[in-house]
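Tertiary structure, described
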Amino acid sequence: MISRVTASSMTQTAMRQLQANLSELSRLQEQANSQKAFLAPSDDPNAAATTLLLHAEQRRTEQHARNIDDGISWLATADSAISASTALLARARNLTVQGANDGALDATAKEAIAVELEGIRDELLARANTTVLGRSVFAGTSDTAAFDPNGVFSGLPGAEVVRRVSDDASIRVDSDGAAVYGSGANSVFALITNIVADLRGGQNVGPRLNEIDQRRDAMLSVQGSVGARQSQMERAKEATVQDSVSLEARRAAVEDVDSVEVLVKLQAQELVYRSALAVTGRVLQPSLLEFLR
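This report concerns the structure included in the present document. (Residues numbered from 1 in each chain as written. Predicted model: local features only at pLDDT ≥ 70, side-chain atom pairs only at ≥ 80, totals over all residues. Heavy atoms only, no water.)

**What about the overall build of the protein?**
Tallying secondary structure elements over the protein gives eight helices and four strands in all. The N-to-C order of helical and strand elements in the protein reads α-α-α-β-β-β-β-α-α-α-α-α. The 293 residues of the protein split such that 34% are buried. A sequence separation of at least 24 residues applies to 72% of the contacts in the protein between residues at least 6 apart. Carbon and sulfur atoms provide 54% of the accessible area of the protein, an area that totals close to 16800 Å². (Helix = DSSP H or I, 4+ residues; strand = E, 2+ residues; numbered from the N terminus. Buried < 20%, exposed > 50% of the residue type's maximum accessible area, 1.4 Å probe, protein only. Contact = heavy atoms within 4.5 Å. Areas by Shrake-Rupley, 256 points an atom, 1.4 Å probe, with all protein chains shown as cover.)

Quick look at the structure:
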């Protein structure tokens, strides 16, 4: 059976093919401009679903990175405050050793030592109330200062400040002020106040050296814990950076296009479209007779 092919059917077929070529050319141009493998979820539902999951995971990783940076700031601040405090306490110990030499010091010399010790006590109190963005690093979750002007701990014991560094891990970023500086009558502030009182009262301050050493050991113990958490936070930061790089590579493989590849395809499709236009224009040359048919 011989099918009858008319100029109209040839024209319609040619137009459909030209439209298909033009649509493909338009799609490739959009990919080249946007650098995206798909512009709507309907273009590739599986890739779109995977991309959404990857974007959500990237946002979680970015939040973990922000938490880690904030945690490192807290821990570094606490470590610096404790280091300064131990240095101050070492100076207080040296002064106490000097003040214990009753035979070589008169009342005026002891008063000078007492005044310097009072200054050290005030500096220690300032260090104990060190803050990060307005929040004390030694007061737990409390918004108040860790110690009042009398050196009494006013933070929240046991209320730890933590930062989530991954989906299944959190790290404490504050330190217990009572553990570092003591509290009440057992605080380092009360200890220095007692030493000052002993110097002014004519009592030998030598026995106070053991108490100073105990307070310094407590500070160093807490500082060791802070250092361990700093190392843990740094490792978490490295892991987060690696996760970020891996996630971006996976996202790019699904969502982004290969620029060189899409340009080659675009040039090839443009050539196909131009060739189709030329062939169609050459073959479909309607005459009056073909029009009348």
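**Comments concerning the layout of surface pockets**
To locate leftover empty space, one rolls a probe as large as a water molecule over the atoms. The calculated volume of the second largest pocket comes to roughly 190 Å³. Thr61, His64, Ser166, Asp167 and Asp243 are the residues nearest the centre of the second largest pocket, which is lined by 14 residues in total. Of all the secondary-structure elements, those providing two or more residues to the lining of the second largest pocket are helix 2 (45–99), strand 3 (162–166) and helix 6 (208–255). Tallying contributions element by element places helix 6 first for the lining of the second largest pocket, with seven residues. Split by residue class, the lining of the second largest pocket holds four nonpolar, five polar and five charged. (1 Å grid on protein atoms, 1.4 Å probe; cavity = no way out; pocket = protein on both sides within 12 Å on 5 of 7 lines; lining within 4 Å. Points joined across faces, edges and corners; volume = space filled by probe spheres on them. Nonpolar A, V, L, I, M, F, W, Y, C, P; charged D, E, K, R; others polar.)

**Brief notes about the nonpolar core**
If you look at the biggest cluster of nonpolar residues, it comprises 45 residues, and the most contacted ones within it are Leu117, Phe138 and Tyr181. Within the residue set of this core, elements represented by two or more residues are helix 2, helix 3 (107–128), helix 4 (177–181), helix 5 (188–201) and helix 6. Here this core gets 11 residues from one element, more than from any other, and that element is helix 2. (Core = buried A, V, L, I, M, F, W, Y, C linked by side-chain atoms within 4.5 Å.)

**So, unusual backbone geometry**
At Leu133, a residue that is not glycine, the phi angle is positive and equals roughly 55°. By the secondary structure assignment, Leu133 is in the loop between strand 1 (131–132) and strand 2 (135–136).

**Looking at helix 3**
Here helix 3 spans 31 Å end to end across 22 residues, near enough to the 32 Å set by a 1.5 Å rise per residue. All of the buried residues along helix 3 are Lys110, Ile113, Ala114, Leu117, Ile120, Leu124, Leu125 and Ala128. Axial view of helix 3: buried residues confined to an arc of 140°, hence all on one face. The secondary structure elements touched by the buried residues of helix 3 are helix 2, strand 2, helix 4 and helix 5. (Expected span 1.5 Å × (residues − 1). Arc of directions from axis to C-beta.)

**Topic: the packing of aromatic side chains**
As enumerated under the stated definition, the model contains five aromatic pairs in all. Ring geometry for Phe147 and Tyr181: centres 5.8 Å apart, planes at 80°, overall edge-to-face. Placement of Phe147 in the loop between strand 2 and strand 3 and of Tyr181 in helix 4 is noted, with a sequence separation of 34 residues between them. Both residues of the pair, Phe147 and Tyr181, count as buried. Between Phe147 and Phe189, the ring centres sit 5.2 Å apart and the planes meet at 70°, which makes this aromatic pair edge-to-face. Here Phe147, found in the loop between strand 2 and strand 3, pairs with Phe189, found in helix 5; they are 42 residues apart in sequence, far enough to count as distant. For Phe147, a relative accessible area of 2% gives the class buried. Within the aromatic cluster, the residues linked to one another by ring pairs are Phe138, Phe147, Phe153, Tyr181 and Phe189. Positioned above the aromatic ring of Trp74 is the side chain of Arg163, whose terminal nitrogen or guanidinium carbon lies 5.6 Å from the ring centre. (Phe/Tyr/Trp six-rings, centres within 6.5 Å; stacked < 30°, edge-to-face > 60°. Lys NZ or Arg CZ within 6 Å of the ring centre and 35° of its normal.)

**A few points about the pairing of strand 3**
Inspection of the sheet shows strand 3 paired to strand 4 (residues 169–172) by four bridges, in the antiparallel sense. Directly across from Ser166, in strand 4, lies its bridge partner Ala169. (Pairing = 2+ DSSP bridges.)

**Section: the side chain of Lys110**
Relative to the elements of secondary structure, Lys110 occurs in helix 3. According to the relative accessible area criterion, Lys110 is buried, its value standing at 10%. Once residues lying within four places of it in the same chain are set aside, the contact partners of Lys110 are Gly99, Asp102, Leu105 and Leu199.

Note that all results are geometric; they support no functional claim without further evidence.
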